[in-house]
Structure formats: structure tokens, C-alpha cells
Amino acid sequence: MFLPAVDIRIRITGVKSWKVKNKSRAFWSGQFNVSNALLLSTVSSAQYSFCVAYTKVRMRALNVALFLCCLGVAICQQVEVEPLVIQHAERTIDISSQLVQISHKLKIENTGATGGKYVLFTVEPQLKSHLSFFGATLGKEGKGLRSTIVPLNSLTSALTYRIELPTPVTKGKTVDVEVETVYTRYIEPFPTEISQKDKQLVKYVGSHYLYSPYKVVKQTTKISMASKNIESFTKLKPFSQSDSSLTFGPYENIAPTSVSELTVHYENNSPFLTVTKLERVIEVSHWGNIAVEEKIEILHTGAKLKGSFSRFDYQREPNSGISSIKAFKTILPAAARDVYYRDDIGNISTSNMYVKHDSVELTLRPRFPLFGGWKTRYVIGYNLPSYEYLFADGSQYALKMRLLDHVFDTLVVDELVVKIILPEGSSDLKLKTPYEVRQLPRTLHFTYLDVTGRPVITLTKRNLVENHIQDFTLEYNFPRVYMLREPLVVILAFLVLFVTVLIYVRLDFSISSSKAAASKGGNSAVSETVLRRHGKRAGLYETFDTQLSKLKANKDASAYQAALKNLTQDHKAETQAINDIITKTRPESPELADSITELQKLDRGFWEVYIQYGQSLEKLVAGKMARPQFLEQDNQFNTKRDELAEKINKIIKTL
């Protein structure tokens, strides 16, 4: 059977993956593995074996070709060691803290025929995994020089930097280059465990000579330590010791990549405090505020505590736990406000804050002292005014802040995670960092009044030191009209709330028929009419009280009878009007009619009480009734009137 040509495509992304595709028809698709091969159930076993064998041959041939291509590219990228000589090298190694900070002052001469365009600087193989920072400047000018990592054929195990010079160095001329390197987790506690009363001893292992691909004519090395208590060190003459420093050299005519082991065993009680993880969240608001919050996990990486911890000895003896960490200082920006410091339990009140002219100094004291191997975590946050860090040009904005801020002196950060939360609606994001970082996929953050979410940029980097405290710049586009979005959302929410309440109050959502609703409305009108009529009768009773008072005072019976006649006619008219309403209402609302009828009965009794009292008063005025008898009837009148008035008021409330 004829087998068509097979096209094999190989893509190298750190993980080997390959895809096989038939040009003429869909013979194989996806990754070539056993599961795909099982799809060839329609092909005979002989044909299948031939296909696999043919493909394997092609694969081997292409693998060889690919290897040769990669080898060729690597060879082309190899840099050559130019004919340079280091006339003088001065190294200063600072191991007074947990860091190894090495400063190199190099005077380099070009001994070749062509101009030197670059300088190579190599890091020893045992140090390259601990390298955190590398920087190069041009002599006394202090001008930063661009440096890149390049492969060097003669030093494959070392790490080589190519430092670009601003101008080529001609033959016989010299150039001064200063290189600064910082290494972390290289100084080892020795012994690794100590008791609470012991001092911390550490060991540093380096080289007496500068590890360089160039010949060094003359060099000296100075080592600065934390104390003058030096247990031992490698003695390669000439050397000298002065208090807490060692000086080696000068050494002359040192061949390229020469190594002479240098070991120093000394006392170092400085804080070996390492930030194992720092998560820094920067939330930008265009309403004038930038909120910063840092979640910090720290570990004491010095000699571990052997045995138990005694709080009594720790507080009584000043040298107890001399290598432990009681407190440390954090430097915040000068504009920081609303600072808070807490842990999993809550706010830590043992912290102190000092506001200075150019910074805010925060002294943090953990809940317990940190010994070797002990760790803790806490959260620190503060607000910053946006006008100091956010710059605008129309709808274009630029945020310029520190990627990493100060945590404590000689800090070491194993892992840094920075999250930058921008306002909702930001677009066209462009990030510029002072050094290489890893950027994770962008996400969205939702908070109050957000609709589409706020864009979040997440950056990570490992193995950082104080030299990495540098600014980043984030440019983005944000139309100013978007600032009205949240106020409009609030206004719309209140508008919807008010309209809903208005509809709820105005409409009747009760489950009842329209006829019952109409009846209820009619009953309300009837009740209002009855109450109005009864109100007029109440006015007649007030007039009645007035006429009775005049009769007592004037003893004019004829005037009283004339007034009583008018009151009787008016009372009768109002009572008859209410009776007519009862007749009309009873068929549709018998319960309401009964209530009004009860009101009429009580009013009739109320009227009769007034008539009887008037007759008794007339007899008193005419001298036909004794005054004690009248006073008794007066008390009975007041009692009956109050009882009837209370019953009438109860019925009126039900209407």
C-alpha cells in the first residue's frame, strides 16, 4: 500500500511536544501516542508497523538536524574574551549581615590591537544560584552600564555578564568599572543549632582571588564582619587583621579563573530575617487615594534554637537570645496615613510610628521574639494621596510607584507577588519595570458598585534584596467620564428604591374582588357623612351646656325654653338625616348600619339625660326643688353623661 509523505512539526517551549499530520487526508491528528494509534483499527497490523517504523526513522533524522541547528545557534552566540588585562582589582566583601555584598573596583587595560567594546564579568559556579543583584557603573562618573548574561565557552559552569562600554577602549588605554553583587542565603550558621544563651557563629566560603576570564596584575580583598570575634580564617599571605576586618593581598599576576578557597568562621548576631513571601496589593482610585496592603511572612534563617525557650531568662539576662529578633523597623513613604499593623489575632498595639520629614518610621514588635527557625506573619497597610504617584495627560494616566518597598534593613525576599488593581474601565495597559519580572495572566477584581470588574496586573519575582527597591511605571487609558459611573449607579439605585416604595404604597395588592373594594370605598364615604352629622350634634350639646349655665346665672326660664326649642329642632333634623343613611346602607353593609344604629340609641339616651337635667334646673330656679336634692341629681347627670360619652367615642372609632 502506498504511504503518503508525513509532515512532522516540532515546537520547542521547554517541554517536548510534536504533532503528526497527513498532508493528503486525516490519517493521524493530535499528538502521536498510543491512544491516537489505536484509532487505526481499519489498518492492517503490517501496514501499521510499517507506518510506525517509517515515522520513527523520520523523527530520528529530524532530531539530529534540530540538535545540529541548536548547536550552531549556540556557537554563534558564544562571545569571545577580548585581550583585556585587569591592572588592579580591589574587592570589598561585606559579610556583617545575612547578605554577602561584594564591591569590585576594576581598572581594565586593553592590550589588543582592536578596541574593547565590552567587559566580561563572571560569577563563580557555587555563587550563581545565590546571586540576587548585579549592577555595573562606569568608574567615578557612576553612570550605569548595560549588562546581559551571555554564554562563555571556556566557563560553561559559571555565570557570565557582558558589560557594554559607552565607548570602545583603544589599545593601551584603561577604563574604570565598578561592579556590585549581592548574594542571599550563602552565609551558613555554624553550628546550625545553638541554645538560648549562645552566640551565633557563621561561616563564609569564598576565594582569595577575583574569579575572572582576564589576567589580574594586582588585586586586594577586604572583608568586613559584624564583630571582631573571629574563630578562624584561611591564612594566605600576605594578610592582616584589624578589629572586625580582614585584608588579603596584594596578590600579583593571577591567572584567569584562578581559585583559592577562603573560609572565615566568625560571630554574627545580626538579624537573619527573611521574608519568605510578600504579597503587595496596590489599589488605585481616581478619587484621590491609593491603598497599599502588604501580607508578609517572615522567617528567622539563622541558627535554630536548641532546647526550650525560657521567657524568665530572656527578660533577666541581657545577652540571652542575643541573635533573636525582638523588633525591627519598616520605612514607609512620607505621605503614608491611616497605617494599620495586625496579624491573625488582631491589631498589634506594641508598634510605634514616628513621622519624619522624608519618611514614616514604623517600629514593629512581634508578639514573641523570633529565634532561628521561628516564623510569623502579619499585615501592614496604609493610604497614599494619588497626586504624588499618579500622573495624567488627558485620558492617559501613568502610575509610578515602588515595586518593592522597605520592610527592614538588609532584607531578603524569597518570593514577591505584586497585584496592581486599576479603576474599572481602564484599558491599553503598558507596564515598564526596572528589572525583569514574571507577569501572570490578568484577572478582574470586584468590589462595591463594580459592574465589569477592575483589571488586575499580577507580577512575581524571587530572590530580592534592598537594591531592588525601584520604581515601576504603569501607563493606561481611563476616560474621565467613567468617574461618573459609580455616582450614577448610586443615584439609579435610590431612584429604583423610591419608585418601588411609591408603587407599593399607591397600589392595592390585597386579594379581593372589585365589588368588595368598591363596597369598602362606599363604606368609607358613609362613615365620613355620619361622623360629620354627629359632629354637628356634638356642637348642639355644647350650645346646650351654654344655655344651662345661663339659666343658672340669669334664672330666665322663658329664654331657656326658646333656646331649647331651637336646639330640639336642630337635633331632630340631624338625627333624622342619620336615620336616612342607615336605611340606605343596611342592604349593602348591614354591619355598618348596625354600628350607626347603636350610635343613634346612645345619642338618644344622651339627649334625654340633658333634657332631664334641664327640667331639674328649672325646678330649682322656680323654687320647687330643694338645693340638696338638685345637687344629687347634678352628680347623677355628670356620671351618666360621661358613661354615654365614652360609649359613643368607642363606636365612632370603629366607623
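Let us look at the structure shown here. Predicted model only: the values in this text are computed from it and were never measured. (Residues numbered from 1 in each chain as written. Predicted model: local features only at pLDDT ≥ 70, side-chain atom pairs only at ≥ 80, totals over all residues. Heavy atoms only, no water.)

1. Structural notes on the sheet that holds strand 27 (residues 390–393)
So, point 1. With respect to topology, four strands assemble into an open sheet ordered 27-28-34-30, the strand pairing being antiparallel. Each end of this open sheet is capped by a strand with a single partner; those strands are strand 27 and strand 30 (427–432). With direction set aside, neighbouring strand axes in the sheet form an average angle of 15 degrees.
So, point 2. Pairing of strand 28 (residues 396–402) with strand 34 (residues 471–477), which is carried by seven bridges, proceeds in the antiparallel orientation. Paired with A398 across the bridge in strand 34 is E475. (Pairing = 2+ DSSP bridges. Helix = DSSP H or I, 4+ residues; strand = E, 2+ residues; numbered from the N terminus. Axes fitted to C-alpha atoms, helices over the stretch in contact; angles between N-to-C directions.)

2. Here we look at the environment of L617
So, point 1. Of note, L617 is situated in helix 7 (residues 590–622).
So, point 2. By relative accessible area, L617 is classed as buried at 1%.
So, point 3. The residues contacting L617, other than those within four sequence positions of it, are L548, L551, K552 and F630. (Buried < 20%, exposed > 50% of the residue type's maximum accessible area, 1.4 Å probe, protein only. Contact = heavy atoms within 4.5 Å.)

3. Concerning the pairing of strand 14 (residues 215–224)
So, point 1. As defined by bridge partners, strand 3 (residues 84–94) adjoins strand 14 across eight bridges and the pair is classed as parallel. By the bridge assignment for strand 14, D94 is matched with S224.
So, point 2. The sheet contact formed by strand 14 and strand 17 (residues 245–254) spans seven bridges and is antiparallel. The residue bridging T221 from the neighbouring strand is F248, located in strand 17.

4. Re the side chain of H406
So, point 1. Mapped onto the elements of the fold, H406 is located in the loop between strand 28 and strand 29 (412–421).
So, point 2. A residue is classified by how much of its surface remains accessible, and H406, at 8% relative accessible area, is buried.
So, point 3. A distance of 3.1 Å separates a polar side-chain atom of H406 from the backbone nitrogen of I331.
So, point 4. Within the structure, the side chain of H406 is placed 3.0 Å from the side chain of D409, a separation counted as a polar contact.
So, point 5. Leaving out residues up to four positions away in the same chain, H406 has contacts with K329, T330, I331, L411, E466 and I469. (Polar contact = N/O pair within 3.5 Å; in protein donor to acceptor, adjacent residues only side chain to side chain.)

5. So, the packing of aromatic side chains
So, point 1. Taken as a whole and assessed by the stated rule, the structure comprises 29 aromatic pairs.
So, point 2. Ring geometry for F544 against Y610: centres 5.2 Å apart, planes inclined by 40 degrees, an arrangement best described as tilted. Of this pair, F544 sits in helix 5 (residues 514–554) while Y610 is found in helix 7, placing the two residues 66 residues apart along the sequence. Comparing F544 with Y610 shows no difference in burial state: the two are buried.
So, point 3. Measuring from ring centre to ring centre gives 5.4 Å for F606 and Y610, while their planes differ by 50 degrees; the resulting arrangement is tilted. Here the residue F606 and the residue Y610 both occupy positions in helix 7, the gap between them amounting to four residues, near one helical turn. The burial state of F606 is the same as that of Y610; both residues are buried.
So, point 4. Its guanidinium or amino end placed over the ring of Y118, R162 lies 4.1 Å from that ring's centre, counting from NZ or CZ. (Phe/Tyr/Trp six-rings, centres within 6.5 Å; stacked < 30°, edge-to-face > 60°. Lys NZ or Arg CZ within 6 Å of the ring centre and 35° of its normal.)

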